Amino acid sequence: MTSPHAVPGPHAPTLDLGGRTALVTGAAGGIGRACALRLAAAGAKVRAVDRDAGGVEELAEDAAHLPGTVEPHVLDLTDLDAAELAAHGTDVLVNNAGLQLVRPLQEFPPDVFHTVLTVMLEAPFRLIRGALPHMYGQGWGRIVNISSVHGLRASPYKGAYVAAKHGLEGLSKTAALEGAPHGVTSNCVNPGYVRTPLVARQLADQAQAHGIPEERVLTEVLLQDSAVKRLIEPEEVAEAVAYLCSPQASFMTGTSLVLDGGWTAH
């Protein structure tokens, strides 16, 4: 008897999310933008969530030729009630939005720590909470949390970011255990340093924190522990997200898909 989750042969069709609704946070740029475009290319109706109205409008225009659609949804994720409401009816949820501040713990502003944890941990909880009733009701759902190598390893001066990503890993595993009987998977994608505006801003912050020129930060700090000495591209992360939404990944849940260039192999 053939399993309903049997892996197709080598000529399996490309990812088809036609008829599915996806929500991507932090969709105006970087990884979120790449994920929104990839899911729309697979036919999904994508809710592009970001507080950058111009960025998501431009994204929608750039996606106009794709099989799916991108609908701009301007939202500040610190509005947790609105975040939960935005996730209603979602089939695929990509928790991507993030922010970063590089400071020693004794100098880290408490208000910024609170905001980072709100956007990067509490908002994903509320989005998952809003999405699950629909996913459970139909017996299918995909939760993909964009974590980081910093969800698995710590670095100095990134207390809020590391704390949020470690928390996201635990939240994702809990969602996987609860969602499995309902056909819902939950996984993390863990990239190293990605070529995004967030990383570009870190160059200046890290230069200040370590007291070295910016040109040395990339090679001596950011990529020090990476065997592959380059930044990962947002499209590479988006392809991992797409894979986790595919039939071939239906048995993958509660885990972390690491794209770190060998960082955690040490």
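All of these numbers come straight from a predicted model, not from anything done at the bench. What you see as residue numbers is a count from 1 along each chain, following the sequence as written. Local features in this predicted model are restricted to residues whose pLDDT is 70 or higher, and side-chain atom pairs enter the listing and the counts only when it is 80 or higher, whereas totals over whole chains, interfaces and linings include all residues. As a rule here, side-chain values come from all non-hydrogen atoms in the structure, and water together with hydrogens is ignored.

**Student:** What's the story with the sheet that holds strand 1 (residues 21-25) in this structure? I'm lost.
**Tutor:** Pairing between the strands of a sheet comes from backbone hydrogen bonds, and it takes one of two forms, parallel or antiparallel. Taken in spatial order, the 7 strands make up an open sheet running 3-2-1-4-5-6-7, and their pairing is parallel. Each edge of the sheet is formed by a strand with only one pairing partner; in this case those strands are strand 3 (69-74) and strand 7 (256-259). Averaged over neighbouring strand pairs, the angle between their axes works out to 15 degrees when direction is ignored. The contact definition used throughout considers only heavy atoms, calling two residues in contact when any of these lie within 4.5 Å. Angles run from 0 to 180 degrees between N-to-C directions of axes, and those axes are lines fitted to C-alpha atoms, restricted for helices to the stretch in contact. Going along the chain from the N terminus, every DSSP run of H or I of four or more residues is numbered as a helix, and every run of E of two or more is numbered as a strand. Along the sheet, helix 8 (residues 234-244) contacts strand 4 (92-95), strand 5 (141-146), strand 6 (184-191) and strand 7; its crossing angle with strand 6, the most-contacted strand, is approximately 160 degrees. When DSSP finds at least two bridges between two strands, those strands are taken to pair.

**Student:** Where do I start with a negative patch on the surface in this structure?
**Tutor:** Together, Asp52, Glu57, Glu58 and Glu61 make up a region of like negative charge exposed at the surface. Along the chain, the position of Glu57 falls in helix 2 (residues 53-62). For Glu57, a relative accessible area of 45% gives the class partly exposed. Like-charged residues are merged into a patch within 9 Å and nonpolar side chains (Val, Leu, Ile, Met, Phe, Trp, Tyr) within 5 Å, provided each residue has over 30% relative accessible area and no salt bridge. With residues, only the protein chains shown are counted as cover, and all accessible areas are computed by Shrake-Rupley using a 1.4 Å probe. A carboxyl oxygen of Asp or Glu within 4 Å of a side-chain nitrogen of Lys or Arg is what we treat as a salt bridge. Charged residues are defined here as Lys and Arg on the positive side and Asp and Glu on the negative side; His and the ends of the chain fall outside this count. The atom standing in for a charge is NZ when the residue is Lys, CZ when it is Arg, CG when it is Asp and CD when it is Glu. For every residue, the accessible area obtained with a 1.4 Å probe (protein chains only) is divided by the maximum for its type, and the residue is called buried under 20%, exposed over 50%, and partly exposed between those limits.

**Student:** Just to check I follow, could you spell out the confidence of the model for the protein chain for this structure?
**Tutor:** Each residue carries a pLDDT score, the predictor's own confidence in it, on a scale running from 0 to 100. Looking at the protein chain as a whole, its pLDDT mean stands at 93, while 95% of the residues score no less than 70. In the predicted structure, residues 1-12 sits below a pLDDT of 50 and forms 4 contacts with residues beyond four places in sequence or in another chain.

**Student:** Whenever I open this one, the nonpolar core confuses me. Can you help?
**Tutor:** Considering soluble globular proteins, one finds that nonpolar side chains tend to be buried as a cluster. Leu39, Val46, Val70, Val94, Val144, Ile146 and Val189 are the most contacted members of the largest nonpolar core, which totals 37 residues. Of all the secondary structure elements, the ones that give two or more residues to this core are strand 1, helix 1 (30-41), strand 2 (45-50), helix 2, strand 4, strand 5 and helix 8. Aside from chain neighbours lying at most four places away, what touches Val189 is Val144, Asn145, Ile146, Ser147, Ser148, Val237, Ala240, Val241, Leu244, Leu257 and Leu259. Counting residues in hydrophobic clusters, the runner-up holds 28 residues, among them Leu23, Leu77, Val116 and Tyr161. Residues grouped as a nonpolar core are buried Ala, Val, Leu, Ile, Met, Phe, Trp, Tyr and Cys residues, joined through side-chain atoms within 4.5 Å.

**Student:** Any chance you could explain empty space enclosed by the protein here in plain terms?
**Tutor:** It is the rolling of a water-molecule-sized probe over the atoms that shows where space remains empty. For cavity detection a 1 Å grid was placed over the protein atoms alone, and a set of points counts as a cavity when a 1.4 Å probe fits there but cannot get out; an open set counts as a pocket when protein lies on both sides within 12 Å along at least five of seven lines, with lining residues being those that have an atom within 4 Å of a point. Grid points are joined across faces, edges and corners, and a volume is the space filled by probe spheres set on the points. Tallying each qualifying case throughout the model produces 1 cavity of 30 Å³ or more. Approximately 50 Å³ is the volume attributed to the largest cavity. Taken together, Thr25, Leu77, Asn95, Asn96, Ala97, Val119, Met120, Pro124, Leu127, Ile146, Lys165 and Leu168 form the lining of the largest cavity. The set of elements that each furnish at least two residues to the lining of the largest cavity consists of helix 4 (110-138) and helix 5 (159-179). Just so you know the grouping, Ala, Val, Leu, Ile, Met, Phe, Trp, Tyr, Cys and Pro go in nonpolar, Asp, Glu, Lys and Arg go in charged, and all remaining residues, Gly too, go in polar. Taken together, the residues of the lining of the largest cavity sort by class into 8 nonpolar, 3 polar and 1 charged.

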